[in-house]
Every structure is written in C-alpha cells, then in structure tokens.
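Topology and contacts: notes
So the chains spell out like this:
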Amino acid sequence: MSVDRHDLDGRPVIIGGGIAGLMTALHLAPEPVVLLSRAPLGGEASSALAQGGLAAALGQDDDTAKHLADTLAAGDGLCDIEAARQIIREAPAAIAALGRFGARFDGADGGALRLGLEAAHGRHRIVHAGGDGTGREVMRALCAAIRLTPSITVVERVEALQLIVDDGRVVGVLVADKSGFSTLRTRRVVMATGGIGGLFVDTTNPLGNWGQGLALAARAGAELGDLEFIQFHPTAFDGPSRPMRLVSEAVRGEGAVLVDELGRRFLGHLPGAELAPRDRVARAVQQHIAAGHRVFLDARRRPGREFAARFPAIDAFCKAAGFDPSHDPIPIRPAVHYHMGGIATDLSGRSSVEGLWACGEVACTGLHGANRLASNSLTEAAVMAQRVAQDVAGAAGHAVRLVGVRTAPPLPDPTAVRPILSKALGVTRDGPRLEEAARALLGLVRAGTAAADPAAVGLMIAVAALSREESRGAHWRDDFPQTDPVARRSRLDLDTAIETARELSGNENAILARSA
Ligand SMILES: Cc1cc2nc3c(=O)[nH]c(=O)nc-3n(C[C@H](O)[C@H](O)[C@H](O)COP(=O)(O)OP(=O)(O)OC[C@H]3O[C@@H](n4cnc5c(N)ncnc54)[C@H](O)[C@@H]3O)c2cc1C
C-alpha cells in the first residue's frame, strides 16, 4: 500500500530532470509545480552529455525555410511538416530563452553567436557552448535557475513507477524512493523521461534512460508514434565503458574522415561521404565492421592540432583511453543514440490520454520523421517546453479523487531485454529476427517480473518495426530494402502490440504442432 503526499496535491507533476523537464518547470513559474528526478538534479540525463548543440537558423546566409528543408530531407518523407515548420520557426526564440535562464553560448559575448556545421545541415547553424560542452553548460544554467525558483519543488532520487488513471484520465502518479512508495494526486502530468538507449547493449545514453516514460504512458492507454525509428550514432568511442562516449559529428564537420584498420577511406560510394545523413553513415560503418574490419575516425590532418582546443571533452576522454586524436585514429562503432518515436503528441505536447503531456525525447511531435537532423532535439525540447507549459497552465487543476494503488509494480530492470533488442533492432533488421524478439519479449511482459515494463517498450518497438515492411530513414529492413512510394507515420498502443505478438506466437505453435 502506498502513502499519499497531500502536501503536493493538485500541482502539475513533471517527470524528468533533463532540458525538457527543467525548461517546462521554469516556464510554468510562478505556478507551483513538482519536478521528479530519479537522479540528483542534472545527473543521468542525456541533456548533460550533448556535445554538438542546438540547431537554429541564425546565420546571415540562413533562414527557417533552409533549416526546414534540411530537416525534411533527413526525415525521409515522414516529418509532420506543420510541426517541423512551427518548431523551427520558434527555435531562435527558444535559444534566447535559454540565454535568459543563464546559458552562455560560444561567441555570445562578442555579439553574434558562433555557429557550427553538422552532418546534413546545409549551413552553419549549430549554437554551442564551451566547444563540445553544450549540454553541460545548458544543464548548469537550468539547474541553477531551478534552485532559484521557489515555486518549483524538486524531488530527487525518486522514480515514477505508474500513472494512476481513473475513467480515462490521469489522476495521479505512483512513485518510489528509498523509503517506499507514495502517490501524488494531480490531473496534470508532463512526461519528460528522455530516450530508450538503456534498452540496448551499445548506447550513448545514460543506462537509466530505457524508455520508462513510454511504459508508463502505454500502460495508461496512450498512443505511441513512429517507435521503429531509432537513430544510431555512427561514431561512438569503441571502448569497454557503458554508456559509450560520443565522438561528435562536429568532428567530421571539421574535416575528420572515417578509415579502416588499413587506413583506407571506405565511404567513397556514399553521396556526402562523412557528412551524409547519420543512418547512411551508421549502416556503412556497421557493414564494414560486419565484413571483418575495424573502423576509426581519423582527425590527424583536420582538425589536427586544433583538436584539443575545439573539442576539449572528447580530447580528454580519448587521451584517458590512450588515444591522442591529433596523432592516433580514434576507434569507433555505431551505438543507439536517439529515439525519433515516442508518446504521440500534438503541438501543445498533449497525448491521447487526458491529463498527460510529453516533452523532449520521450515525445513524438513529428519533427524528426524517420531520422533526426543533428542538433534538432535540444532545440525541439526547448521549443516544446514553452508550448507545453502554456497548455498545462491553462488546463484545469482542481481537486482529485485518487484511485488507490494496492499493489505496486516491481522496480523495473532492463537487463534481460538488452540482448534481445540489440540482436533484432540494430542498424539493420529483418522479419525473422523481429518475430523472434517479439515472442521473447511477450514472454517477459506476461511474466510480470522486473523486466516486464522494459519488455513492454521493446515489444512495441519490435511490433512497429515488423509492421513497417519498407526501408526508410533509420529503419532498414534487409528483407524490404525498398521505400514505399506512400509515406505513413505509425501509431501503436500496448494492447495492439500484445495482440500482434500473441498471434505470432500462436502461428509458431501451430507450425510446431504440424511438424511434430
Ligand atoms: C552523448 C549524447 C550527445 C548528444 N548530443 C546532442 C546535441 O549535440 N544536440 C542535440 O540536439 N541533441 C543531442 N543529443 C540528444 C539530446 O541530448 C537528447 O535528446 C535530449 O537531451 C533529451 O532531453 P530530455 O530532457 O528529453 O531527456 P534527458 O535529458 O535524458 O532527461 C531525462 C530525465 O528523466 C529522468 N527519468 C527517467 N525516467 C524517470 C522516472 N521513471 N522517474 C523519474 N525520473 C526519470 C532521468 O533521470 C533524466 O533526469 C545527444 C544525446 C547524447 C546521449
């Protein structure tokens, strides 16, 4: 049985302490809000790891139409054009808001911001801080602003375990901390729990980011969108530590090239080569590794001796691992990096469940389509945080009758799910591997153990990938290499995913019975 936290009754509850959660809380001030973070504030968030920056059309030679065109091209026919247009139009204002919250971007003191170039951007439009320390600086500023805002109650080291729903609408959140379970009564919950990399063996995400927000939303009945689209970063540092460290795309933007163990460049066939869209570079690197090669990022010539000054954080961890980027090629391999799919929302961040909003990587607004354009995600979180806050502030927050929670779910653990997803939902996929994964995941969901919620998220992704019998953006099917002439976004709920996996299991049992 859980304890009621009456002291916080009725306030909007924001789950997640990354850029999306922090900015939503700040934009809601002075309305009292509760911000839940599993880690101490600023910890265990992808936001703090961002090296590249935030994309916005700020250069003299740039405009929002060009930024939109690059976004739509990367999205491979699947972006929601209106969502993309509006988010991109509001990007410069969102970056200015970050500046007002205290973030100091490179070049700002001298007037114009210094703008970087990243893959598939036709212009220099990446706003960064401390060279490759953008996320660190943004989070430093936002955490400091949060601490100075009395209307925000921060509850750290607490994990949201379940949304409590009554008559189809959110009425509370069940949370766990070291002293046990408690419930918060609220009609307004903002999910800002980040991505899903923690469901995989090779990832750049904090391992706690395994899509818990997706599990909570799906179990509450929410519709999820475009789940099959997972971006692999082509150049994660190939060492033993997890999460894997990232060698930013900006390094290729500055002229570094991909080579194999013989020093040969192998991307010659790819239009744009090192600066082609991420999915293509990741597939080419994966194929080269599968063919028995090792792959390196060679920054010795460019940026060469400038490396340490331009990318101090990357330089430091490479050197700690025994590689000096200005003298040694850096070993790399692709790793799960970003989830384009998520809780399906409108442009106010509203989900299909009344009282549930989503913001940041856990949400799916349609901006990214089948493949995210580099550095569009921090921008999306910053823009959407303001929109979500406006909508939440305008929504009714009156008294709540809480439906009691008698049995709390087990504390989730994604360990058993990682090998299954890593095998079936990698850079390339095929029907037989996806079906096998769906059956295994269904078993874990049904068992109801600590793996059940991570398995439910994995199951939905596997079923979405199985249903998409084409290759598009980050979703590559070896058995369906063509792209359908008609683009369709995908929608899925948990019941449908379970039913689909059940049918697959039924078919297999029938085949086994026939062959016995
Ligand atoms: C290494 C790396 C580099 C990147 N570089 C860039 C870049 O340069 N530009 C760019 O645009 N994007 C970049 N990205 C992507 C971008 O950082 C993320 O998409 C973005 O930061 C997501 O922000 P968020 O607030 O949605 O989630 P996060 O920042 O991941 O925050 C999620 C928060 O939710 C908390 N949480 C999760 N589950 C629960 C729960 N059940 N209860 C309570 N709290 C919970 C977590 O502890 C965390 O505090 C990068 C990502 C990585 C991993």
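Residues numbered from 1 in each chain as written. Predicted model: local features only at pLDDT ≥ 70, side-chain atom pairs only at ≥ 80, totals over all residues. Heavy atoms only, no water.

1. Quick word on the pairing of strand S8 (residues 159-166)
Put simply, the rule is: Think of it in three bands: residues with accessible area under 20% of the maximum for their type are buried, residues over 50% are exposed, and the middle band is partly exposed, with areas taken using a 1.4 Å probe on protein chains only. Every helix listed is a DSSP run of H or I at least four residues long, and every strand listed is a run of E at least two residues long, numbered separately from the N terminus. DSSP bridges decide pairing: two strands pair if at least two such bridges lie between them.
The buried fraction of S8 amounts to six of the eight residues, a majority that puts the element mostly inside the structure. Counting the residues in the hairpin turn of S8 and strand S9 (residues 169-177) gives two residues, including aspartate 167, whose phi is positive at 55 degrees.

2. Topic: the site of the ligand
Formally: Proximity criterion: a residue is near a molecule or strand once any of its heavy atoms comes within 4 Å of it. Any pair of nitrogen or oxygen atoms within 3.5 Å is treated as a polar contact; in protein, a donor-acceptor pairing is required on top of that, and neighbouring residues in sequence qualify only through side-chain atoms on both sides. Note on areas: Shrake-Rupley with a 1.4 Å probe; residue coverage comes only from the protein chains shown.
As a structural note, the neighbourhood of the ligand is formed by 38 residues, with Glu44, Ser47, Gly52, Glu361 and Ser377 the closest of them. Within the backbone of glycine 18, an N or O atom sits 3.5 Å from an oxygen atom of the ligand. The separation between a nitrogen atom of the ligand and a polar main-chain atom of alanine 160 is 3.0 Å. Considered on its own, the ligand offers 1000 Å² of accessible surface; in the complex 98% of this is hidden by protein. Only helix H1 (19-28), S8, strand S16 (330-339) and helix H11 (376-394) provide two or more residues apiece to the shell around the ligand.

3. Points about the packing of helix H2 (residues 64-74) against helix H3 (residues 81-89)
The following threshold applies: Only the stretch in contact is used when a helix axis is fitted, and all axes are lines through C-alpha atoms; the angle between N-to-C directions ranges over 0 to 180 degrees. An angle counts as roughly parallel when it lies under 35 degrees, as roughly antiparallel when it exceeds 145, as roughly perpendicular when it falls between 65 and 115, and as oblique in every other case. Handedness of a crossing is defined here by the sense of rotation of the near helix relative to the far one, left-handed for an anticlockwise turn of less than a right angle and right-handed for a clockwise turn. The contact definition used throughout considers only heavy atoms, calling two residues in contact when any of these lie within 4.5 Å. Charged residues are taken to be Asp, Glu, Lys and Arg, nonpolar residues to be Ala, Val, Leu, Ile, Met, Phe, Trp, Tyr, Cys and Pro, and polar residues to be all remaining types, Gly included.
The N-to-C vectors of H2 and H3 enclose an angle of 135 degrees; their axes lie 10 Å apart at closest approach. Considering the angle they form, H2 stands oblique to H3. Crossing angle aside, the handedness with which H2 passes H3 is right-handed. On the side of H2, the interface is formed by Thr64, His67, Leu68, Thr71 and Leu72, while H3 contributes Ile81, Ala84, Arg85, Ile88 and Arg89. When grouped by side-chain class, the residues that make up the contact of H2 with H3 number five nonpolar, three polar and two charged.

4. A look at the packing of aromatic side chains
Aromatic ring pairs are reported here in terms of the distance separating the ring centres and the angle at which the planes meet. Short version of the rule: Under the pairing criterion, centres of Phe, Tyr and Trp rings, with the six-membered ring standing for Trp, must be within 6.5 Å; the plane angle then separates stacked pairs below 30 degrees from edge-to-face pairs above 60, leaving the rest tilted.
Evaluation of the coordinates by the stated rule reveals three aromatic pairs. Arranged with centres 5.7 Å apart and planes meeting at 75 degrees, the rings of phenylalanine 237 and phenylalanine 317 form a pair that is edge-to-face. One end of the pair, phenylalanine 237, is in strand S13 (residues 230-237); the other, phenylalanine 317, is in helix H10 (residues 312-320), with 80 residues separating them in the sequence. Judged by its relative accessible area of 8%, phenylalanine 237 falls in the buried class. On the basis of relative accessible area, phenylalanine 317 is assigned to the buried category, the value being 9%. Taking 5.3 Å as the distance between ring centres and 55 degrees as the angle between the ring planes, the aromatic pair formed by phenylalanine 307 and phenylalanine 311 counts as tilted. The buried category is assigned to phenylalanine 311, whose relative accessible area is 1%. Site record: aromatic cluster; members linked through ring pairs are Phe237, Phe317 and Phe323.

5. Looking at the sheet that holds strand S3 (residues 33-37)
Strands sit in the order S7-S3-S2-S11-S18 across an open sheet of five strands; the sheet is parallel. Each edge of the open sheet carries a strand with a single partner, namely strand S7 (152-156) and strand S18 (356-358). Put simply, the sheet's adjacent strands are angled 20 degrees from each other on average, direction ignored. The sheet contact formed by strand S2 (residues 13-15) and strand S11 (residues 189-191) spans three bridges and is parallel. In the sheet register, isoleucine 14 faces S11, and the bridge partner there is valine 190. Along the sheet, H11 makes contact with S11 and S18, crossing S18 at roughly 165 degrees.

Worth remembering: the numbers are spatial, not functional.
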